[in-house]
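Chain by chain, the residues run as shown.
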Amino acid sequence: MTATAERPTLPDGVVAIVKRDCPTCTLVEPVLQRVHGGGVALAVYSQDDPGFPAGLPVVDDRDLTVSHLWDIETVPTLLRIEDRQGDERLVGWDREQWRGLFGDDDLGDDLPEWRPGCGSLSVDPTRLDELRVRFSASGLRSRRVTWPRLEDPFEAMFDAVGATGSPWFPPPRPGWPGCSRAPTTPRTMW
């Protein structure tokens with residue numbers, strides 16, 4: 001297992017991780033506004049819109065640093081932070097749990113009793129690999145290598161690394177098996 005970056009320090013109090021594109025997050029927006037107005041130490045981190053929720057001081061987490069390093073899988077997620085540690089975690093909307101966390105017996109009276117959250121952007125399959133690489137201590141990185149048009153990529157790779165078994169994969173060429181593009185020029189393969 002490779003080492004990963006340290007978790008960023010979060011402020012003491014309650015930290016809410018949200019995104020505008022989540023129906024449950026938009027559902028609890030008035031609850032977060034009420035809690036903030038009630039004097040609770042609340043920090044809100046938004047994954048996709050630093051203007052959401054409206055009227056609250058929001059920390060921009062569009063780079064997903066906090067979400068990834070704090071293992072946020074679902075939004076909304078509430079973290080109770082004391083002495084830089086996450087002592088409690090609530091996921092989605094559960095009226096009774098939120099009331100218990102904030103000590104407010106009337107919180108969310110006009111909302112449904114329970115709603116599941118949405119998938120966090122930090123576990124989105126299109127972003128997860130990039131986040132893992134960005135925050136790992138691994139020195140491995142990929143890069144794109146190009147060859148002149150008439151050079152055979154397999155021969156060039158063999159010449160470059162020999163028969164070491166290094167993980168080099170050439171892009172498909174038109175007309176090669178598995179390539180859906182039509183050939184643009186004739187190619188002799190032997």
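Our subject is the structure listed above.
Residues numbered from 1 in each chain as written. Predicted model: local features only at pLDDT ≥ 70, side-chain atom pairs only at ≥ 80, totals over all residues. Heavy atoms only, no water.

Undergrad: Teacher, can you tell me more about the nonpolar core here?
TA: Considering soluble globular proteins, one finds that nonpolar side chains tend to be buried as a cluster. Counting 34 residues, the largest nonpolar core has Leu10, Val15, Leu32, Leu78, Trp98 and Phe102 as its most contacted members. Among the elements that make up this core, the one with the highest residue count is strand β1 (residues 13-18) (five residues). Ignoring anything within four residues of it in the chain, the contact list for Leu78 reads Val14, Val15, Ala16, Leu32, Glu88, Arg89, Leu90, Trp98, Leu101 and Phe102. Residues Leu64, Leu69, Leu131 and Phe135 belong to the second largest nonpolar core, which totals five residues. (Core = buried A, V, L, I, M, F, W, Y, C linked by side-chain atoms within 4.5 Å. Buried < 20%, exposed > 50% of the residue type's maximum accessible area, 1.4 Å probe, protein only. Helix = DSSP H or I, 4+ residues; strand = E, 2+ residues; numbered from the N terminus. Contact = heavy atoms within 4.5 Å.)

Undergrad: Where do I start with the sheet that holds β1 in this structure?
TA: Picture the strands of a sheet paired through backbone hydrogen bonds; they go either parallel or antiparallel. Strand order across the open sheet formed by five strands is β3-β2-β1-β5-β6, with mixed pairing between neighbours. Each edge of the sheet is formed by a strand with only one pairing partner; in this case those strands are β3 (58-60) and β6 (85-91). For this sheet, the mean angle separating the axes of adjacent strands, direction not counted, is 25°. Here six bridges tie strand β5 (residues 77-82) to β6, and the two strands are oriented antiparallel to one another. Across the sheet, the residue bridging to Arg80 is Glu88, located in β6. Contacts from helix α2 (residues 29-37) reach β1, β2 (42-46) and β5 within the one sheet, and its direction differs from that of β2 by about 145°. (Pairing = 2+ DSSP bridges. Axes fitted to C-alpha atoms, helices over the stretch in contact; angles between N-to-C directions.)

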